[in-house]
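Results of the structural survey
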Amino acid sequence: ARRFFPRTIFSNSPRWKTDASRDAPLPISDAATISAPHMHARCLELLLPQLVRPNARSLDVGSGSGYLTVAFALFGGTAYGIEHTQALTDLAKTNVK
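Structural notes, computed from the coordinates. The numbering scheme is per chain: residues are counted from 1 as the chain's sequence reads. Totals for whole chains, interfaces and linings use every residue, but because this is a predicted model, local features are given only for residues with pLDDT of at least 70 and side-chain atom pairs only at 80 or more, for both listing and counting. Excluding hydrogens and water, the side-chain values take into account all heavy atoms of the structure.

Next up on the list: the overall build of the protein. Runs of E in the DSSP output that reach at least two residues are strands. Runs of H or I that reach at least four are helices, and both are numbered from the N terminus. When helices and strands are tallied, the protein shows four helices and four strands. Excluding contacts between residues fewer than 6 apart, the proportion of contacts in the protein whose partners are at least 24 apart in sequence is 42%. Computed with the Shrake-Rupley method and a 1.4 Å probe, the accessible areas treat only the protein chains shown as cover for residues. Accessible surface computed for the protein: about 6100 Å², of which carbon and sulfur atoms make up 57%. Contacts were defined at the residue level, with two residues in contact if any of their heavy atoms lie within 4.5 Å.

Okay, structure coming up:
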């Protein structure tokens, strides 16, 4: 996923912009973090057989910045994200556009 879209565009934190290439969780907002890249890779690896099925649908619970939701969508089908705070929902909506 990192080859297709950089993590740097999924946060509004200046610190995040410099640390985005690290394989570590990073803060996004509301005391929330984006998972480390290896966690996203593992999630995609495990879900790949389902994500590439015709008419696939996926739900990213706790979608945060929307990064993994976009990764799900890149494999086809329809991806949905859900968050528990309005600030994170707004961040994800902005990032997914």
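Picking up after the structure, the text goes on.
Helical geometry: 3.6 residues make up each α-helical turn, so side chains three or four residues apart lie on a common side. With a 1.4 Å probe rolled over the protein chains alone, any residue whose accessible area is under 20% of its type maximum counts as buried; one over 50% counts as exposed, and the rest are partly exposed. In terms of burial, helix H3 (residues 67–74) is largely enclosed, as six of its eight residues are buried. When H3 is considered as a whole, its buried residues turn out to be Tyr67, Leu68, Thr69, Val70, Ala71 and Phe72. Those residues of H3 that are buried are in contact with strand E2 (33–34), helix H2 (37–51), strand E3 (57–61), strand E4 (78–82) and helix H4 (86–96). Phi turns positive, to about 105°, at Gly76, one or two residues after H3.

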